[in-house]
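What follows is the residue order along each chain.
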Amino acid sequence: MLTRKFKVTLKKIASLFSVIRGYNIWVIVLAQYLSAIFILAPEKRALAIILDWQLFLIVIASSLTIASGYIINNFYDAKKDLINRPKKAMIDRLVSQETKLKVYFTINFIVAFLMFFISWRAILFFSTYIFLIWFYSHKLKKIFLVGNITASVLAVLPFFGILMYYKNFYEVIFANALFLFLLILIREMIKDLENIEGDLITDYKTIPVVFGEKMAKTIITILTFCTVIPIYFLIEIYDVGYMDSYFYLSMIMLLFFVMLLWKSSSKTEFLKLHFLLKLIIVSGVFCIILIEPSVLIHGKKLISTY
């Protein structure tokens with residue numbers, strides 16, 4: 001039978017898992033490896049990429065940095081989350097603010113230590129990344145439009161860490177990055193509509209707070225139609241294999257998203273739009289394998305020797 005102390009410990013672990021959004025971390029790890037195999041370093045064998053210990057450390061460092069980012073963001077957003085997400089906030093509060101800060105600094109120290117084995121450039125990149133996440137959570141998040149753009153850039157930045165590692169600056173990479181950036185930016189603005197009550201109380205200068213819901217929907221609609229630009233290049237100009245079917249489907253889903261957007265007015269409805277965008281983003285991760293599905297079908301790359 002479990003003791004009371006052990007139960008409390010389990011609850012705190014679950015709380016910390018909720019704070020760092022551990023359910024997102026595995027998607028980030030998978031996305032980085034699939035991006036490396038199919039997009040960032042297509043000339044390398046898959047097995048060589050998977051067994052690359054330096055890449056492994058970079059992926060781990062990226063995941064830990066993002067986890068620490070969630071912690072510091074949760075630290076500064078404690079008051080707002082009590083209004084916008086009361087149930088989640090109560091779970092997150094099982095771990096004290098002091099403990100969160102200790103875990104935050106410990107994780108960042110581990111990241112710096114791991115990057116010591118890569119290069120001084122890796123240390124500089126992740127130190128800058130950690131600083132930017134802190135600065136965003138502490139200051140930039142409350143600034144009109146700057147917060148949304150910064151959050152979107154920070155979400156895409158880990159992939160540029162791997163890009164710098166391989167030094168393969170293919171144009172198709174930037175088209176993919178632009179598409180992902182726009183999706184995340186749209187999602188950030190949907191979150192602003194979803195959390196408008198807490199933003200008003202805590203003085204966050206978001207688009208819905210400053211200009212109102214209708215203007216926010218107009219800007220989101222314009223950004224959604226802007227995704228056609230990178231999609232066009234990815235389908236018509238660059239070779240993305242069978243992944244073009246994902247981009248066609250994404251256009252249909254985004255059109256459906258815009259239609260629902262103008263019909264939505266409640267927090268619950270905006271939350272559904274948020275999950276729809278998340279579905280498009282996460283499914284895009286798995287659809288990366290469509291660039292060259294023979295890797296899974298025949299395993300030629302995966303079982304190739306050095």
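Please refer to the structure placed before this passage.
Bear in mind that the values here come from a model prediction, so they are computed numbers and not experimental data.

Asker: Would you explain the packing of aromatic side chains in this entry?
Answerer: Geometry of an aromatic ring pair is reported as the spacing of the ring centres plus the angle between the planes. As enumerated under the stated definition, the model contains 18 aromatic pairs in all. Judged by centre distance (6.4 Å) and plane angle (85°), the ring pair of phenylalanine 179 and tyrosine 246 falls under edge-to-face. One end of the pair, phenylalanine 179, is in helix α10 (residues 171-194); the other, tyrosine 246, is in helix α15 (residues 244-263), with 67 residues separating them in the sequence. Judged by its relative accessible area of 4%, phenylalanine 179 is buried.

Asker: It is not clear to me how the packing of helix α14 (residues 228-237) against α15 should be interpreted in this structure. Could you clarify?
Answerer: Geometry of a packed helix pair, given as the angle between the helix axes and the separation of the axes. Running from N to C, α14 and α15 point in directions that differ by 150°, and their axes come no closer than 10 Å. The orientation of α14 relative to α15 falls into the category roughly antiparallel. Here α14 runs over α15; the crossing is left-handed. The segment α14 lies against α15, with Ile231, Leu234, Ile235 and Glu236 engaging Asp244, Phe247, Tyr248 and Met251. When grouped by side-chain class, the residues that make up the contact of α14 with α15 number six nonpolar, no polar and two charged.

Asker: Would you take a moment to explain the side chain of asparagine 24 for this structure?
Answerer: Mapped onto the elements, asparagine 24 comes out in helix α2 (residues 22-40). Look at asparagine 24 and you get buried, because its relative accessible area is 14%. At a separation of 3.5 Å, a polar atom in the side chain of asparagine 24 contacts the side chain of tyrosine 70. In this structure, asparagine 24 is in contact with Tyr70 and Lys278, ignoring residues within four places of it in sequence.

Asker: What should I look at first to understand unusual backbone geometry in this one?
Answerer: Positive phi outside glycine occurs at leucine 145, with the angle close to 65°. In this fold, leucine 145 is placed in the loop between α8 (120-138) and α9 (146-166). Since its relative accessible area comes to 31%, leucine 145 is described here as partly exposed.

Asker: Where do I start with the packing of α15 against helix α16 (residues 267-286) in this structure?
Answerer: The contact between α15 and α16 brings their axes to 10 Å, and the two run at 170°. One way to sum up the angle between α15 and α16 is to call them roughly antiparallel. For the pair α15 and α16, contact is made by Tyr246, Ser250, Met253, Leu254, Phe256, Phe257, Leu260, Leu261 and Lys263 and by Glu269, Leu273, Leu276, Leu277, Leu279, Ile280, Ile281, Ser283 and Gly284, respectively. Counted by class, the contact of α15 with α16 contains 13 nonpolar, three polar and two charged residues.

Asker: For this particular structure, what's the right way to read α10?
Answerer: Helical geometry: 3.6 residues make up each α-helical turn, so side chains three or four residues apart lie on a common side. In this model, α10 (24 residues) spans 35 Å end to end at C-alpha, consistent with the 34 Å of a helix rising 1.5 Å per residue. Burial of α10 is extensive: 20 of the 24 residues sit out of reach of the surface.

Asker: Would you explain a nonpolar patch on the surface in this entry?
Answerer: Taken together, the side chains of Ile143, Phe144, Leu145, Val146, Ile149, Val153, Val210, Phe211 and Met215 present a nonpolar region at the surface, about 690 Å² in accessible area. Among the elements of the structure, α9 and α12 (207-211) are those that each provide at least two residues to the nonpolar patch.

Asker: For this particular structure, what's the right way to read the nonpolar core?
Answerer: A general tendency of soluble globular proteins is for nonpolar side chains to be buried together. Met115, Phe247 and Phe257 are the most contacted members of the largest nonpolar core, which totals 88 residues. Considering each element in turn, this core owes the most residues, 14 residues, to α10. Setting aside its immediate chain neighbours within four residues, methionine 115 contacts Leu57, Ile58, Ala61, Ala122, Ile123 and Phe126.

Asker: What is the right way to look at the side chain of aspartate 192 in this model?
Answerer: Along the chain, the position of aspartate 192 falls in helix α10. Relative accessible area serves as the criterion here: at 10%, aspartate 192 is assigned to the buried category.

Asker: So what exactly am I meant to see when it comes to helix α7 (residues 97-115) here?
Answerer: Here α7 spans 27 Å end to end across 19 residues, near enough to the 27 Å set by a 1.5 Å rise per residue. Buried within α7 we find Lys100, Tyr104, Ile107, Asn108, Val111, Leu114 and Met115. End-on view of α7: buried residues confined to an arc of 125°, all on one side of the axis. Facing away from the buried side of α7 by over 90 degrees, the exposed positions are Glu98, Lys102, Phe105 and Phe109.

Asker: Explain the environment of histidine 274 to me, please; I cannot follow it from the model alone.
Answerer: Mapped onto the elements, histidine 274 comes out in helix α16. Between the alpha carbons of histidine 274 and phenylalanine 257 there is a distance of 9.6 Å; along the sequence they are 17 residues apart. Apart from residues no more than four positions distant in its own chain, histidine 274 is found in contact with Arg187, Ile190, Lys191 and Glu194.

Parameters and conventions
- Residues numbered from 1 in each chain as written.
- Predicted model: local features only at pLDDT ≥ 70, side-chain atom pairs only at ≥ 80, totals over all residues.
- Heavy atoms only, no water.
- Phe/Tyr/Trp six-rings, centres within 6.5 Å; stacked < 30°, edge-to-face > 60°.
- Helix = DSSP H or I, 4+ residues; strand = E, 2+ residues; numbered from the N terminus.
- Buried < 20%, exposed > 50% of the residue type's maximum accessible area, 1.4 Å probe, protein only.
- Axes fitted to C-alpha atoms, helices over the stretch in contact; angles between N-to-C directions.
- Parallel < 35°, antiparallel > 145°, perpendicular 65-115°, else oblique.
- Left-handed = near helix turned anticlockwise from the far one by under 90°.
- Contact = heavy atoms within 4.5 Å.
- Nonpolar A, V, L, I, M, F, W, Y, C, P; charged D, E, K, R; others polar.
- Polar contact = N/O pair within 3.5 Å; in protein donor to acceptor, adjacent residues only side chain to side chain.
- Expected span 1.5 Å × (residues − 1).
- Patch = residues over 30% accessible without salt bridge, like charges linked within 9 Å, V, L, I, M, F, W, Y side chains within 5 Å.
- Areas by Shrake-Rupley, 256 points an atom, 1.4 Å probe, with all protein chains shown as cover.
- Salt bridge = Lys/Arg side-chain N within 4 Å of Asp/Glu carboxyl O.
- Core = buried A, V, L, I, M, F, W, Y, C linked by side-chain atoms within 4.5 Å.
- Arc of directions from axis to C-beta.

These figures capture arrangement, not role.
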